[in-house]
Amino acid sequence: MENTEQIRDSGGWLKRYVHASSSCNCDMTFSIFLPPQAENGKVPVLYYLSGLTCTDDNVRSKGGAQRYAAEHGIALVMPDTSPRGDDVADEDRYDLGKGAGFYVNSTQDPWASHYQMYDYVTKELPALIEENFAVLPGVRSITGHSMGGHGALIATLKQPGVYKSVSAFSPICNPVNCAWGEGCLGAYLGDDKSTWQEWDAVNLINGGATCPPMLVDQGSADNFLSEQLNTPALIESCKARNLDATIRMQDHYDHSYYFISSFIGEHIAFHAAHLKS
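Note that the structure is predicted; figures quoted are calculated from it, not measured.

Colleague: Can you help me understand the overall build of the protein in this one?
Modeller: When helices and strands are counted, the protein shows nine helices and nine strands. On C-alpha atoms alone, the protein measures out to a radius of gyration of 17 Å, which is about the 19 Å that the 2.2 N^0.38 rule sets for 277 residues. Out of the 277 residues in the protein, the part that is buried amounts to 60%. Taking all contacts inside the protein whose residues are at least 6 apart in sequence as the whole, residues at least 24 apart take part in 72%. Entry remark: accessible area of the protein is about 10800 Å², with carbon and sulfur atoms responsible for 46%.

Colleague: Whenever I open this one, the environment of aspartate 217 confuses me. Can you help?
Modeller: Position of aspartate 217 relative to the elements: it lies in strand β8 (residues 214-219). As a C-alpha pair, aspartate 217 and phenylalanine 263 span 46 residues in sequence and 8.1 Å in three-dimensional space. Setting aside its immediate chain neighbours within four residues, aspartate 217 contacts Ala168, Phe169, Ser170, Pro171, Arg248, Gln250, Phe259, Phe263 and His267. In this structure the side chain of aspartate 217 is engaged in a polar contact, spanning 2.7 Å, whose partner is the side chain of arginine 248. A polar contact of 2.8 Å, which involves the side chain of aspartate 217, links it to the side chain of histidine 267.

Colleague: I would appreciate a short explanation of unusual backbone geometry in the present structure.
Modeller: Excluding glycine, a negative phi dihedral is what most residues carry, and trans is how most peptide bonds are arranged. Here aspartate 109 and proline 110 are connected by a cis peptide whose omega angle stands at 0°. Here proline 110 lies in the loop between β5 (75-79) and α3 (117-132). Phi at asparagine 25 is positive, roughly 60°, even though this residue is not glycine. Inspection of the secondary structure puts asparagine 25 in the loop between β2 (12-21) and β3 (26-34). Not every positive phi belongs to a glycine, and tyrosine 103 is a case in point at roughly 60°. Take tyrosine 103: it is sitting in the loop between β5 and α3. The buried category is assigned to tyrosine 103, whose relative accessible area is 1%.

Colleague: Explanation requested: the state of the cysteines in the structure shown.
Modeller: Each disulfide consists of one covalent bond between the sulfur atoms belonging to two cysteines. Tallied over the full model, the rule gives zero disulfides. No disulfide involves cysteine 26; its sulfur sits 5.4 Å from the nearest other cysteine sulfur, which is in cysteine 24. Free cysteine cysteine 184: the closest other cysteine sulfur is in cysteine 178, separated by 9.0 Å. Here cysteine 184 falls in the buried class, since its relative accessible area comes to 1%.

Colleague: So what exactly am I meant to see when it comes to α3 here?
Modeller: Residues separated by three or four positions in an α-helix point in the same direction, a consequence of the helix having 3.6 residues per turn. The axis of α3 is deflected most strongly, by about 35°, at leucine 125, and proline proline 126 appears within four residues downstream. Every buried residue of α3 is accounted for by Met117, Tyr118, Tyr120, Val121, Thr122, Glu124, Leu125, Pro126, Leu128 and Ile129. Residues of α3 that are buried sit in contact with β2, β3, β4 (43-49), β5, β6 (135-144) and α4 (147-158).

Colleague: Help me understand the environment of serine 23 in this model?
Modeller: Relative to the helices and strands, serine 23 is located in the loop between β2 and β3. In contact with serine 23, not counting residues within four places along its chain, are His114, Gln116, Asp119, Tyr120 and Glu124. Within polar-contact distance, the side chain of serine 23 engages the side chain of glutamate 124 at 2.7 Å.

Colleague: Just to check I follow, could you spell out the packing of aromatic side chains for this structure?
Modeller: Centre distance and the angle of the planes are the two values used to describe a pair of aromatic rings. Scanning all chains against the criterion turns up twelve aromatic pairs. A centroid spacing of 5.2 Å and a plane angle of 80° characterise the contact between tyrosine 118 and tryptophan 199, whose relative ring orientation is edge-to-face. Of this pair, tyrosine 118 sits in helix α3 while tryptophan 199 sits in the loop between α5 (179-189) and α6 (201-206); the two residues are 81 residues apart in sequence, bridging distant segments of the chain. Between the NZ or CZ atom of lysine 158 and the centre of the ring of tyrosine 118, over which it lies, the distance is 5.4 Å.

Colleague: Hey, could you run me through the nonpolar core in this one?
Modeller: Side chains that are nonpolar tend, in soluble globular proteins, to be buried together. Of all hydrophobic cores here, the largest spans 66 residues; its most connected members are Phe30, Ile129 and Tyr188. With seven residues, the top contributor of residues to this core is α3. One finds Ala65, Ala69, Phe259 and Phe263 within the second-largest nonpolar core, a separate group that totals 22 residues.

Analysis parameters
- Residues numbered from 1 in each chain as written.
- Predicted model: local features only at pLDDT ≥ 70, side-chain atom pairs only at ≥ 80, totals over all residues.
- Heavy atoms only, no water.
- Helix = DSSP H or I, 4+ residues; strand = E, 2+ residues; numbered from the N terminus.
- Rg over C-alpha atoms; globule rule 2.2 N^0.38 Å.
- Buried < 20%, exposed > 50% of the residue type's maximum accessible area, 1.4 Å probe, protein only.
- Contact = heavy atoms within 4.5 Å.
- Areas by Shrake-Rupley, 256 points an atom, 1.4 Å probe, with all protein chains shown as cover.
- Polar contact = N/O pair within 3.5 Å; in protein donor to acceptor, adjacent residues only side chain to side chain.
- Disulfide = S-S within 2.5 Å.
- Bend = angle between axes of the 7 residues up to and from the residue.
- Phe/Tyr/Trp six-rings, centres within 6.5 Å; stacked < 30°, edge-to-face > 60°.
- Lys NZ or Arg CZ within 6 Å of the ring centre and 35° of its normal.
- Core = buried A, V, L, I, M, F, W, Y, C linked by side-chain atoms within 4.5 Å.

So yeah, pure geometry; function would need other evidence.
Structure follows, in structure tokens:
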């Protein structure tokens, strides 16, 4: 790993690293906030997965999460949203390719050689973090926004017992039934829609997947709510399975980081309660 940036923040350290990824077959970038408590012992970890077009920088500069992570003594890990580099496949559109990895393991050319984002964020990156930083092994939770909310939900549903809690802001809940999901899943996984089901939170829940405590916030003024996010489908599936899920509609909030920064403190407190229980 190469440490490319180090900033004093909220009594702790905000750092950025570049490393060679075996999953994605390219250099990957992530940021990590280490709270002041990490100077005296190991701390739990919260992973934050960002949305379409984002990098690790969006949440660390706009989300306001570091001061809450410092308050609760939690490390915050913020990976990039896709592979990067001259040899990495891309499309001239915002919702496919670089910045739009969708947190799946691609099986189709030309994507498969690099776009293994699920393995990266759920296996390779946590192993790297636990080996190199003062964090408690296996004590982790996960959150995310939009495409990253989708990633956080499927990571939790596909790996029972790995995360203590999960939360999301405006997640893409049912990607097999929205344009964003159909475009990316079709490209990354192929035309056989039966292979898409294991990457869809609503379908995983309907199929019997278990889940740790869940918190979801969705803005009522989100312009993507009706056509892309399918929040009602998530509410219905969680109720049908009687999951420990709190899904809140927040009046007048949109899809932006103004929305996230308004509620990120509550999300970190939610995770802290479960990480330390």
